[in-house]
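# Observations on the three-dimensional arrangement
Read off the chains here:
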Amino acid sequence: MTTDPYKVLGISRSATDKDIQQAFRRLAKQLHPDLNPNDKAAAERFKRVSQAYELLGDADKRRRFDAG
């Protein structure tokens, strides 16, 4: 992933697990392809949001990302 997952989700690096989950759910509701048919930009952004959540939603992956 080339972009900062924290920026993708719109959260700070000190965000809690709950903050991460809430940010993901909020964005997923806005960008989900079922809610935005024929909107390729929303679909692409939804993919980035999902990838960011996959990384930050897992404590081990997040720790390794933060460590560099």
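Further up the page is the structure itself.
Residues numbered from 1 in each chain as written. Predicted model: local features only at pLDDT ≥ 70, side-chain atom pairs only at ≥ 80, totals over all residues. Heavy atoms only, no water.

Scanning the model with the defined rule gives 6 salt bridges in all. For Asp4, the salt bridge goes to Arg13, with nearest N and O atoms at 3.5 Å. On the accessibility criterion, Asp4 (21% relative accessible area) is partly exposed. In this structure, the salt-bridge partner of Asp60 is Arg63, at a minimum N-O distance of 2.9 Å. In this pair, Asp60 and Arg63 are both assigned in helix α4 (residues 59-67), 3 residues apart and thus about one turn of the helix distant. The exposure class of Arg63 is exposed, given its relative accessible area of 53%. Via salt bridges that share partners, Asp4, Arg13, Asp17, Arg62 and Asp66 belong to a single interconnected network. (Salt bridge = Lys/Arg side-chain N within 4 Å of Asp/Glu carboxyl O. Buried < 20%, exposed > 50% of the residue type's maximum accessible area, 1.4 Å probe, protein only. Helix = DSSP H or I, 4+ residues; strand = E, 2+ residues; numbered from the N terminus.)

For the pair helix α3 (residues 40-56) and α4, interaxial distance at closest approach is 6 Å and the crossing angle is 95 degrees. As far as their axial angle goes, α4 and α3 are roughly perpendicular. Counted together, Glu54, Leu55 and Leu56 of α3 and Lys61, Arg62 and Phe65 of α4 form the full contact between these two elements. Split by residue class, the contact of α3 with α4 holds 3 nonpolar, no polar and 3 charged. (Axes fitted to C-alpha atoms, helices over the stretch in contact; angles between N-to-C directions. Parallel < 35°, antiparallel > 145°, perpendicular 65-115°, else oblique. Contact = heavy atoms within 4.5 Å. Nonpolar A, V, L, I, M, F, W, Y, C, P; charged D, E, K, R; others polar.)

This paragraph deals with α4. The distance from a side-chain oxygen at the start of α4 to the backbone nitrogen of Asp60 is 2.9 Å, and the residue carrying that oxygen is Asp58. Once α4 finishes, Gly68 follows within two positions and takes phi at roughly 105 degrees, a positive value. (Polar contact = N/O pair within 3.5 Å; in protein donor to acceptor, adjacent residues only side chain to side chain.)

Within this structure, the stated rule accounts for 2 aromatic pairs. Taken together, a centroid distance of 6.2 Å and an interplanar angle of 45 degrees make the contact between Tyr6 and Phe65 tilted. Placement of Tyr6 in helix α1 (residues 5-9) and of Phe65 in helix α4 is noted, with a sequence separation of 59 residues between them. Relative accessible area serves as the criterion here: at 1%, Tyr6 is assigned to the buried category. Look at Phe24 and Tyr53: their rings are 4.3 Å apart centre to centre, the planes differ by 10 degrees, and that puts the pair in the stacked class. Note that Phe24 is positioned in helix α2 (residues 17-31) and Tyr53 in helix α3, a separation of 29 residues in sequence. (Phe/Tyr/Trp six-rings, centres within 6.5 Å; stacked < 30°, edge-to-face > 60°.)

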